Amino acid sequence: MMLFGKISWQFCGLKKLPWSYDSRSFWGWLNAVFNKVDYERIRDVGPDRAASEWLLRCGAMVRYHGQERWQKDYNNLPTGPLDKYKIQAIDATNSCIMNIGFDHMEGLQHVEKIKLCKCHYIEDTCLERLGQLENLQKSILEMEIISCGNVTEKGIIALHHLRNLKYLLLSDLPGVREKEKIVQAFQISLPSLKLKLDLK
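In this report, the structure presented in the accompanying data block is examined. Since this is a predicted model, take the numbers as computed values, not measurements.

Parameters and conventions
Residues numbered from 1 in each chain as written. Predicted model: local features only at pLDDT ≥ 70, side-chain atom pairs only at ≥ 80, totals over all residues. Heavy atoms only, no water. Buried < 20%, exposed > 50% of the residue type's maximum accessible area, 1.4 Å probe, protein only. Helix = DSSP H or I, 4+ residues; strand = E, 2+ residues; numbered from the N terminus. Pairing = 2+ DSSP bridges. Salt bridge = Lys/Arg side-chain N within 4 Å of Asp/Glu carboxyl O. Core = buried A, V, L, I, M, F, W, Y, C linked by side-chain atoms within 4.5 Å. Contact = heavy atoms within 4.5 Å. Axes fitted to C-alpha atoms, helices over the stretch in contact; angles between N-to-C directions.

1. Points about the pairing of strand E3 (residues 87–91)
- For E3, a buried count of 5 out of 5 residues is recorded, marking the element as mostly surrounded by other parts of the structure.
- As paired strands, strand E1 (residues 61–64) and E3 are joined by 4 bridges and run antiparallel to one another. Bridge assignment links Tyr-64 to a residue of E3, and that residue is Ile-87.
- Strand direction decides the pairing type here: E3 and strand E4 (residues 113–117), joined by 3 bridges, are parallel. Bridge pairing in E4 links Asp-91 to Lys-115.

Written as structure tokens, this is what we have:
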């Protein structure tokens, strides 16, 4: 168990090397295994602990409410009462999180910030799922989506359901072709949103 977090993080990082098609299929399968939702585990340890395990297993980091330090080592996840550690921020930079794992977020009630940067498996369906989660619709204040090549206008616009979103940074998203659509959609749905675009 001690080595699992380090091994899983290394596996996620290895997907960037130039593998053959068969090897890429293997890493895609392995990353899907890391993203698999264990609903029994969520019931046993609570949504914040289960989501923390999922995120760190996939190479992401979390910060808990009331803490300054980012938690990035799977083997050093805090122990104690299940309701003590509530995820406030998620940094998924270079992680292998994917759509099939997003059910882990369903019970999270305190997430205020999410950063998705260089996430090879993030696509429109992931952002649509985020926008559908009622707890996140209320809690998320800030999002950054950077260098996620599979994201298009469709996924970005689905975030308009995050009704308390105050800041959204979009940068280096080659799948976004019509940024004007995004601007118009958010001007109507979230007029107070600070939208920062760094798109070609």
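Now that the structure has been shown, we can carry on.
2. A closer look at the pattern of salt bridges
- In total, this model carries 9 salt bridges according to the counting rule given.
- With a closest N to O distance of 2.8 Å, Arg-49 and Glu-53 form a salt bridge. Placement of both Arg-49 and Glu-53 in helix H4 (residues 47–57) is noted, with a separation of 4 residues, approximately one turn of the helix.
- Its relative accessible area of 5% is what places Glu-53 among the buried residues.
- Of the charged contacts in the structure, one is a salt bridge between Lys-154 and Glu-128, with a shortest N-O distance of 3.7 Å. A residue pair is termed long-range when its members are at least 10 positions apart, and Lys-154 in helix H7 (residues 153–157) and Glu-128 in helix H5 (residues 124–132) qualify at 26 residues.
- Using a relative accessible area of 57% as the deciding quantity, one classes Lys-154 as exposed.
- Members of the salt-bridge network, linked through shared partners, are Arg-41, Arg-49 and Glu-53.

3. As for the nonpolar core
- One finds Leu-116, Met-143, Ile-145, Ile-156 and Leu-168 to be the most contacted residues of the largest nonpolar core, which totals 48 residues.
- Ignoring sequence-local partners within four residues, the contact set of Leu-168 consists of Met-143, Ile-145, Ile-156, Leu-159, Phe-186, Leu-193, Lys-194, Leu-195 and Lys-196.

4. A look at the sheet that holds E4
- Taken in spatial order, the 7 strands make up an open sheet running E2-E1-E3-E4-E5-E6-E7, and their pairing is mixed. The open sheet has two edge strands with one neighbour each: strand E2 (70–71) and strand E7 (194–198).
- Against the sheet, helix H8 (residues 179–189) contacts strand E6 (167–171) and E7, and its axis sits at roughly 175° relative to E7.

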